[in-house]
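So you can see what is in the structure, the chains are spelled out below.
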Amino acid sequence: MGLTLFCVIALVAGTLAGPIQEVKIADKCAKQCTVSNQFNYEPGTTYEFNYETELRTAVQGASEDHAGIHMKSTAYLDFISKCEMVLRFSDVKLMEHDPETSSMKPVTSELVAELERNPLTVSFQDGNVEELCLSKPETDEVLNIKRGLLSLIQNNMDDINQDQTVTENVQSLPLVKSTHDCEQELSKDKGQIQRAMCQERHTFAPFSRLESGAITLNTQTLTFVKEFRSRTKPVMITQRAPIQFQQDIDNNEQTLMKDVERKLMEICDNTQNGVTETTPQLFSSLVKIMKAMNSRDLSIVYENIKKRQICSSNNDRVK
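The paragraphs below set out a description of the structure included in this document. Going along each chain's sequence as written, the residues are numbered from 1 onward. Local features in this predicted model are restricted to residues of pLDDT 70 or higher, and side-chain atom pairs are both shown and tallied only at a pLDDT of 80 or more, whereas totals for entire chains, interfaces and linings draw on every residue. Derived side-chain values reflect all non-hydrogen atoms in the structure, with water molecules and hydrogen atoms excluded from consideration.

## A few points about unusual backbone geometry
(1) Moving on: Located in the positive-phi region is D91, a residue other than glycine, with phi close to 55°.
(2) Moving on: Position of D91 among the secondary structure elements: in strand 5 (residues 84–98). A run of H or I in DSSP becomes a helix once it reaches four residues, and a run of E becomes a strand once it reaches two; helices and strands are each numbered from the N terminus.

Now the structure itself:
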């Protein structure tokens, strides 16, 4: 058995985003290289993984229906040096759950080609993803998916030779109760990732009572397959970006208030007869907007919901 790391984190709203930096063309991503050597990934070696992620939304207690999007792919981590690697995707497949037929069906999307098109160079400081380096511009959607995978291999433990449980409790948003659970299994001999799993859970308070109501689950799994020798060459770097997720939204307070109220009305209309194929995207958009809002404005929106000033046409959904 490998070593296991289990983390339970109550999220406020996710991580603050940082801007992408324009830099001079270069071929090195890592600006430094740590002397720490807990994770013995070998230069000139490619590590192959199976990667799966699923976004699932359900209004529990109202029906058994749910809507969801599932992605699976092969991911390669090519280690050019001790502190620099290249992430590549191949064989990407997208599926969505149809609540009307309760079955999964393939999805044709440009996202598949975009994920497979450009490799991503990463500064990897012995368990810590320091920076991302792009050879060509990427959309926020594509780059955030790659960030999601990279978050699974991050590990800042002082000693990976001992099992460790880390718990952080932080105040949740007024409208959303969120948790984030992660578990990593490492090989004893080299300290390399064998399996990693993270589950993020958002319970939308106005639509929820106890454990029932509107719930969105985002699950990611990374499973090691094999390693082999490789000769991946460094790619030209034109941009640098942080590991934190990007959010391309207007941060004006009044605009955000209007946007979140508009999105709430869309969700109310969308879920009158249960969830639909578009429900997960609506909830994801709602969470993204709320992450950019301050607690005072979120509390105002929450009070307006309780007063039935928002979602008055679907009171059964509001608790």
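Past the structure itself, the notes keep going.
## Some details on the packing of helix 1 (residues 110–117) against helix 2 (residues 140–153)
(1) Moving on: Each axis is a line fitted through C-alpha atoms, and for a helix only the stretch in contact is used; angles between axes span 0 to 180 degrees, taken between their N-to-C directions. Closest axis-to-axis distance for the helix 1/helix 2 pair is 10 Å, and the angle between their directions is 60°. Classified by the angle their axes make, helix 1 and helix 2 are oblique. For helix 1 against helix 2, the interelement crossing comes out right-handed. In contact with L111, E114 and L115 of helix 1, helix 2 contributes E141, V142, I145 and K146.
(2) Moving on: Here the residues of the contact of helix 1 with helix 2 sort into 4 nonpolar, no polar and 3 charged. Between 65 and 115 degrees an angle is taken as roughly perpendicular, under 35 as roughly parallel, over 145 as roughly antiparallel, and anywhere else as oblique. Each crossing is labelled by how the near helix is turned from the far one, with a counterclockwise turn of less than a right angle marking it left-handed and a clockwise turn marking it right-handed. The contact criterion used is simple: two residues touch if any of their non-hydrogen atoms lie within 4.5 Å. For this scheme, ten residues count as nonpolar: Ala, Val, Leu, Ile, Met, Phe, Trp, Tyr, Cys and Pro. Four count as charged, namely Asp, Glu, Lys and Arg, and the remainder, Gly too, count as polar.

## Description of the side chain of N304
(1) Moving on: In this fold, N304 is placed in helix 5 (residues 295–306).
(2) Moving on: Remark: exposure states derive from per-residue accessible area (1.4 Å probe, protein chains only) relative to the maximum for the residue type, with buried under 20%, exposed over 50%, and partly exposed in between. A relative accessible area of 15% places N304 in the buried class.
(3) Moving on: When sequence neighbours within four positions are dropped, the list of residues in contact with N304 reads E261, Q309 and I310.

## A look at the pattern of salt bridges
(1) Moving on: The salt bridge criterion pairs a side-chain nitrogen of Lys or Arg with a carboxyl oxygen of Asp or Glu, the two atoms within 4 Å. Applying the stated criterion across every chain, the model contains 13 salt bridges.
(2) Moving on: Here D78 and R88 are joined by a salt bridge, their closest N and O atoms 2.6 Å apart. Highlighted residues: D78 in strand 4 (residues 66–81) and R88 in strand 5, separated in sequence by 10 residues.
(3) Moving on: Assessed through its relative accessible area of 30%, R88 is described here as partly exposed.

## Looking at the pairing of strand 7 (residues 120–125)
(1) Moving on: Most of strand 7 is tucked away: 6 of the 6 residues are buried.
(2) Moving on: Here strand 7 shows no split at all, with L120, V122 and F124 on one side and T121, S123 and Q125 on the other all buried.
(3) Moving on: Think of it this way: DSSP has to see at least two bridges between two strands before they count as a pair. Strand direction decides the pairing type here: strand 5 and strand 7, joined by 4 bridges, are antiparallel. The residue bridging V86 from the neighbouring strand is T121, located in strand 7.
(4) Moving on: Pairing of strand 7 with strand 8 (residues 128–134), which is carried by 5 bridges, proceeds in the antiparallel orientation. Following the sheet pairing, S123 is matched in strand 8 by E131.

## Digging into helix 2
(1) Moving on: With 14 residues, helix 2 should reach 20 Å at 1.5 Å per residue; the first-to-last C-alpha distance of 20 Å fits that figure.
(2) Moving on: In terms of burial, helix 2 is largely enclosed, as 11 of its 14 residues are buried. One less than the residue count of a helix, multiplied by 1.5 Å, gives the span that helix is expected to have.

## Focus on the side chain of E138
(1) Moving on: Within the secondary structure layout, E138 lies in the loop between strand 8 and helix 2.
(2) Moving on: Here a polar contact is taken to be a pair of N or O atoms separated by no more than 3.5 Å, where protein atoms must pair a possible hydrogen donor with a possible acceptor and residues adjacent in sequence count only if both atoms sit in side chains. There is a polar contact of 2.7 Å between the side chain of E138 and the side chain of K146.
(3) Moving on: What E138 contacts, discounting residues up to four positions off in sequence, is E114, N118, L143 and K146.

## A word on the packing of aromatic side chains
(1) Moving on: Classification of ring pairs uses Phe, Tyr and Trp, with its six-membered ring standing for Trp, and accepts pairs whose centres are within 6.5 Å; under 30 degrees between planes counts as stacked, over 60 as edge-to-face, and the remaining range as tilted. Applying the stated rule across the entire model yields 7 aromatic pairs.
(2) Moving on: Consider the rings of Y47 and F79, whose centres lie 5.8 Å apart with planes at 90°: the pair is edge-to-face. On the criterion of sequence distance, the pair formed by Y47 in strand 3 (residues 45–60) and F79 in strand 4 is long-range, its members being 32 residues apart. Comparing Y47 with F79, the two get one shared label, buried.
(3) Moving on: An aromatic cluster is defined as three or more aromatic residues linked by ring pairs; in this entry it consists of Y41, Y47, F79 and F124.

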